[in-house]
Amino acid sequence: MSKVIEGLYYSESHEYVKVEGEYGYVGITDFAQHELGNVVYVDMPDVDDDVTAGEDFGAVESVKAASDLISPVSGVVVEVNEALGDEPELINKDAFANWIIKVKLSDMSELDELMDAAAYTAFIESNK
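My aim in this report is to walk through the structure given alongside it, one point at a time. (Residues numbered from 1 in each chain as written. Predicted model: local features only at pLDDT ≥ 70, side-chain atom pairs only at ≥ 80, totals over all residues. Heavy atoms only, no water.)

1. Some details on the overall build of the protein chain
A tally of regular secondary structure across the protein chain gives four helices and nine strands. The helix and strand sequence of the protein chain, counted from the amino end, reads β-β-β-α-β-β-β-β-β-α-α-β-α. Whereas a compact globule of 128 residues would reach a radius of gyration of roughly 14 Å, the protein chain reaches 13 Å, a difference of no more than 12%. With respect to the three principal axes, the spread of C-alpha positions in the protein chain is 35 × 35 × 20 Å. For the protein chain, the proportion of its 128 residues judged to be buried stands at 48%. Excluding contacts between residues fewer than 6 apart, the proportion of contacts in the protein chain whose partners are at least 24 apart in sequence is 64%. (Helix = DSSP H or I, 4+ residues; strand = E, 2+ residues; numbered from the N terminus. Rg over C-alpha atoms; globule rule 2.2 N^0.38 Å. Buried < 20%, exposed > 50% of the residue type's maximum accessible area, 1.4 Å probe, protein only. Contact = heavy atoms within 4.5 Å.)

Here it is in structure tokens:
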């Protein structure tokens, strides 16, 4: 059973957003890292890059497959998780503790389009 954390926002493409003030920490969900298997590389944007909700901002590669990262929110990248450059497998250890990018959110209303923990749990259950 995949871990789903209350208080986060979830997308159908299995990214999450943890909101703190005007910032959002974006990563992939525990379900996504289980589906991918051992993560071997994370392709991340640069600081100051713009991300747009519904568009890709990078990729996660595993021994099984590569998967585009789809941003659940729009804004400007203010930080990337440098630790993943050296240790991409951190995502497998704890997907929620190891976010990929920190974004200064440009449109808080986009969060209304995302799922809460209960809706995301139902979503992954219905897609098994």
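2. Comments concerning the pairing of strand 7 (residues 66–70)
In the sheet, strand 6 (residues 56–62) pairs with strand 7 via five bridges, with the strands oriented antiparallel. Within strand 7, the position partnered with Asp-56 by the bridge is Ile-70. Connecting strand 6 to the next strand, strand 7, in antiparallel fashion are three residues. (Pairing = 2+ DSSP bridges.)

3. Brief notes about the sheet that holds strand 5 (residues 50–51)
With antiparallel pairing, six strands are arranged side by side in an open sheet as 1-2-3-9-8-5. Either end of the sheet is taken by a strand with one partner, and the two such strands are strand 1 (9–10) and strand 5. Across six bridges, the pairing between strand 2 (residues 15–20) and strand 3 (residues 23–28) is antiparallel. Looking at the pairing, Val-17 lines up with Val-26 of strand 3.

4. Notes on the pattern of salt bridges
Counted according to the given criterion, the structure contains three salt bridges. For Glu-20, the salt bridge goes to Lys-18, with nearest N and O atoms at 3.5 Å. The exposure class of Glu-20 is partly exposed, given its relative accessible area of 40%. Where Glu-22 meets Lys-104, a salt bridge forms, and the shortest distance between an N and an O atom there is 3.5 Å. One end of the pair, Glu-22, is in the loop between strand 2 and strand 3; the other, Lys-104, is in strand 9 (residues 101–105), with 82 residues separating them in the sequence. Take Lys-104: its relative accessible area is 37%, and that puts it in the partly exposed class. (Salt bridge = Lys/Arg side-chain N within 4 Å of Asp/Glu carboxyl O.)

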